[in-house]
Amino acid sequence: MSRVTVTQLQQMRDRGERIAMLTAYDYPTAKLADGAGIPILLVGDTLGMVVLGYNSTVPVTVDDMIHHGRTVVRGAQRAHVVVDMPFGSYQSGWQDALRNAVRIMQETGCSSVKLEGGQRSAETVARLVEAGVPVMGHIGLTPQSVNVLGGFKVQGKTPREAVHLIEDAKALEAAGAYAIVLETVPTALAHMITQRVKVPTIGIGAGPFCSGQVQVWHDLLGLYDAFTPKHARRFAEVGAVIRGAVEAYRAEVESGVFPTKKESFYMDDRALELIKRMTASPAEDMSQAERVLAELAEEAASRPGAPGTA
Ligand code: KIV
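For clarity, every value in this text was computed on a predicted model and none was experimentally measured. (Residues numbered from 1 in each chain as written. Predicted model: local features only at pLDDT ≥ 70, side-chain atom pairs only at ≥ 80, totals over all residues. Heavy atoms only, no water.)

**Some thoughts on the overall build of the protein**
Helix and strand content of the protein: 13 helices and eight strands. Its C-alpha radius of gyration of 27 Å places the protein more than 25% over the 19 Å reference for a compact globule of 310 residues. Overall size of the protein, expressed as C-alpha extent along the three principal axes, is 90 × 45 × 40 Å. Evaluated residue by residue, the protein yields a buried proportion of 44% over its 310 residues. Here the protein contributes 31 positive and 34 negative side-chain charges, whose respective centroids are spaced 8 Å apart. (Helix = DSSP H or I, 4+ residues; strand = E, 2+ residues; numbered from the N terminus. Rg over C-alpha atoms; globule rule 2.2 N^0.38 Å. Buried < 20%, exposed > 50% of the residue type's maximum accessible area, 1.4 Å probe, protein only. Lys, Arg positive; Asp, Glu negative; His and termini not counted. Charge placed at Lys NZ, Arg CZ, Asp CG, Glu CD.)

**Some points on the site of the ligand**
Around the ligand, the surrounding shell consists of Thr23, Leu42, Gly44, Asp45, Thr46, Asp84, Lys114, His138, Glu183, Ile204 and Val214. Within the side chain of Asp45, an N or O atom sits 3.0 Å from an oxygen atom of the ligand. Residue Lys114 places a side-chain N or O atom 2.9 Å away from an oxygen atom belonging to the ligand. The fraction of the free accessible surface of the ligand (260 Å²) that becomes covered by protein chains is 98%. Of the residues assigned to the shell around the ligand, the class counts are three nonpolar, four polar and four charged. (Near = heavy atom within 4 Å. Polar contact = N/O pair within 3.5 Å; in protein donor to acceptor, adjacent residues only side chain to side chain. Areas by Shrake-Rupley, 256 points an atom, 1.4 Å probe, with all protein chains shown as cover. Nonpolar A, V, L, I, M, F, W, Y, C, P; charged D, E, K, R; others polar.)

**Structural notes on the domain arrangement of the protein**
What the domain assignment lists for the protein is domain 1 (6-234) and domain 2 (269-301). Centre-to-centre separation of domain 1 and domain 2, based on C-alpha positions: 63 Å. (Domains from an automatic or database assignment.)

**Section: the environment of Arg233**
Relative to the helices and strands, Arg233 is located in the loop between α10 (217-221) and α11 (238-255). Given a relative accessible area of 56%, Arg233 falls into the exposed group. Other than its neighbours up to four places away in sequence, Arg233 contacts Gln215, Asp219 and Leu220. (Contact = heavy atoms within 4.5 Å.)

**Concerning the pattern of salt bridges**
Side-chain pairing between opposite charges can occur once the charged atoms of the two side chains come close. One pass over the full model with this rule turns up 14 salt bridges. In this structure, the salt-bridge partner of Asp14 is Arg13, at a minimum N-O distance of 2.9 Å. Under the relative-accessibility criterion, Arg13 is labelled partly exposed at 24%. Two residues, Arg234 and Asp225, come together in a salt bridge whose shortest N-O distance is 3.4 Å. For Arg234, a relative accessible area of 32% corresponds to the partly exposed category. Relative accessible area serves as the criterion here: at 66%, Asp225 is assigned to the exposed category. Linked through salt bridges whose partners overlap, the residues forming this network are Asp63, Arg70, Arg103 and Glu107. (Salt bridge = Lys/Arg side-chain N within 4 Å of Asp/Glu carboxyl O.)

**Points about helix α6 (residues 122-130)**
The set of residues buried in α6 consists of Ala122, Thr124, Val125 and Leu128. An end-on view of α6 places all buried positions within 160° of arc, on one side of the element. Those residues of α6 that are buried are in contact with α5 (94-108), β4 (112-114), β5 (135-140) and α8 (159-175). Immediately beyond the C-terminal end of α6, within one or two residues, lies Gly132, with a positive phi of roughly 100°. (Arc of directions from axis to C-beta.)

**Things to note about the packing of α8 against helix α9 (residues 187-196)**
Axis separation between α8 and α9 bottoms out at 10 Å; the angle between their running directions is 30°. Taken as axis vectors, α8 and α9 run roughly parallel relative to one another. Once α8 is placed against α9, the crossing between them reads as right-handed. Taking contact as the criterion, the partners of Ala162, Leu165, Ile166, Ala169 and Glu173 in α8 are, on α9, Leu189, Met192, Ile193 and Arg196. Its residues assigned to classes, the contact of α8 with α9 shows seven nonpolar, no polar and two charged. (Axes fitted to C-alpha atoms, helices over the stretch in contact; angles between N-to-C directions. Parallel < 35°, antiparallel > 145°, perpendicular 65-115°, else oblique. Left-handed = near helix turned anticlockwise from the far one by under 90°.)

And the structure:
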């Protein structure tokens, strides 16, 4: 099965089909999301917060992204897999950015990379695209710059900021970005940007008028309690289900209800008897023990259904 390409994503946008993108960080979640028909999986650097337990995305490294990116690529057969370039992997110049992007592409097998920033990242995006690396842009609230932005705040609320964000989107489009994430910006501004660029816009906290939406796996499923952004909707309370199951497991181990016969393995009574005799008396005749064990093996092999029997 071939993966969704950037051309197909563009066609979806052109046909007015909304694109549902979702983060994934490991093999089982990628398999589930891919099976549910999600066309783009983002191995986001939110990994740092929802999986690795940091309080921002800043500590995440290229090696972290590669480790998790690989597992997502293995889990997803059809989805386009885009891997975030983490903080520090592209800000020091396009040469470093290219080296890291190539590593991420080669070592994960992903379909594209994503990086944050508009006009300030445009040259880097252009160099990567020129070298054959498809790039998704990301503007608005850019979490890697949270320390400069002064927190996780809505971006583009003033006319000056809004015009700057429109210019950012146009700069990314001109640089060759195949799509642009718009994070935590007013709905009207996201709508305006979506109308002014030809590439798909993917919103998160940017209202319903973007070409698509992206959400964080843990927010969607109620798996991350530290913070729930206003834009997130819990489609299921999987965290509560997991906790209930784990509590039931603990209770059944403690009360002896788990495991039962059905969940256990057995051995032949004669083999058990022999082992008891052998361990009780070290002088027990080993040749006799070996003979009984050989007989048992022969018996097992000749049972109907055993390999090699009719
Ligand atoms: O890292 C991430 O998960 C992201 C999304 C929030 C867009 O960049």
